[in-house]
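# Examining the three-dimensional arrangement
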Amino acid sequence: GLRATFFIIDVLVQLFSLLKYGVSAVLVFIGIKLCCDRLYHIPPGIVCAILVSCISCSMLASVVKDEFEKKQSKHGLEKHLDHDKLAAPNDCKTVA
């Protein structure tokens, strides 16, 4: 079970660039929960909600980040192409 989960997460990390931060947040939360379990009991429903929200928020953030980077690269490419169209070979003057 644990080995299969590792391979699933490995594939998902390659698909979602920010998933590793969500997984690390889950691991930190579980560590803190285990340390504080004797002092305060967190209901299982809240634990499940926190775990699912960490993973889903990191996946959503990955999709938003990837879309933003696509738009930025497309806009940068268009800007670069527009600049090349406007530039003429005689625009550069050398001082002798």
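Preceding block: the structure.
Keep in mind it's a predicted model, so treat the numbers as computed, not measured.

Moving on to the side chain of S58. Structurally, S58 is set in helix α3 (residues 44-86). What S58 contacts, discounting residues up to four positions off in sequence, is L18, L19 and G22.

On to the pattern of salt bridges, then. This model, assessed by the stated rule, comprises two salt bridges. The partner of K65 in a salt bridge is E69, with the nearest N and O atoms 3.5 Å apart. Of the two residues, K65 and E69 both sit in helix α3, four residues apart, roughly one turn of that helix. On the basis of relative accessible area, K65 is assigned to the partly exposed category, the value being 31%. Residue classification places E69 among the partly exposed positions, given a relative accessible area of 41%. In this structure, E67 and K70 form a salt bridge, with 3.9 Å as the shortest nitrogen-oxygen distance. Pair noted here: E67 and K70 are both in helix α3, with a separation of three residues, about one helical turn. Relative accessible area serves as the criterion here: at 53%, K70 is assigned to the exposed category.

Structural remark: α-helix, 3.6 residues per turn; residues separated by three or four positions point the same way. Its 18 residues place the ends of helix α2 (residues 19-36) 26 Å apart at the C-alpha level, agreeing with the 26 Å of an ideal helix rising 1.5 Å per residue. Among the residues making up α2, those that are buried are L19, G22, V26 and F29. Axial view of α2: buried residues confined to an arc of 80 degrees, hence all on one face. For α2, the exposed residues set more than 90 degrees away from the buried face come down to Y21, L27, V28, L34 and C35.

Along the chain, S62 falls in helix α3. Given a relative accessible area of 0%, S62 falls into the buried group. Here S17 takes part through its backbone nitrogen, which lies 3.4 Å from a polar atom of the side chain of S62. Every residue in contact with S62, bar those within four places of it in the chain, is listed here: F16, S17, L18 and L19.

Along the polypeptide, V63 turns up in helix α3. Overall, V63 belongs to the partly exposed group, its relative accessible area being 40%. When the C-alpha positions of V63 and L15 are compared, they lie 9.4 Å apart, and in sequence the two are 48 residues distant.

Counted under the stated rule, the structure contains one aromatic pair. Centroid distance F6 to F7: 5.5 Å. Interplanar angle 65 degrees. Geometry classified as edge-to-face. What makes F6 exposed here is its relative accessible area of 53%. With relative accessibility at 47%, the residue F7 sits in the partly exposed group.

Parameters at a glance
Residues numbered from 1 in each chain as written. Predicted model: local features only at pLDDT ≥ 70, side-chain atom pairs only at ≥ 80, totals over all residues. Heavy atoms only, no water. Helix = DSSP H or I, 4+ residues; strand = E, 2+ residues; numbered from the N terminus. Contact = heavy atoms within 4.5 Å. Salt bridge = Lys/Arg side-chain N within 4 Å of Asp/Glu carboxyl O. Buried < 20%, exposed > 50% of the residue type's maximum accessible area, 1.4 Å probe, protein only. Expected span 1.5 Å × (residues − 1). Arc of directions from axis to C-beta. Polar contact = N/O pair within 3.5 Å; in protein donor to acceptor, adjacent residues only side chain to side chain. Phe/Tyr/Trp six-rings, centres within 6.5 Å; stacked < 30°, edge-to-face > 60°.

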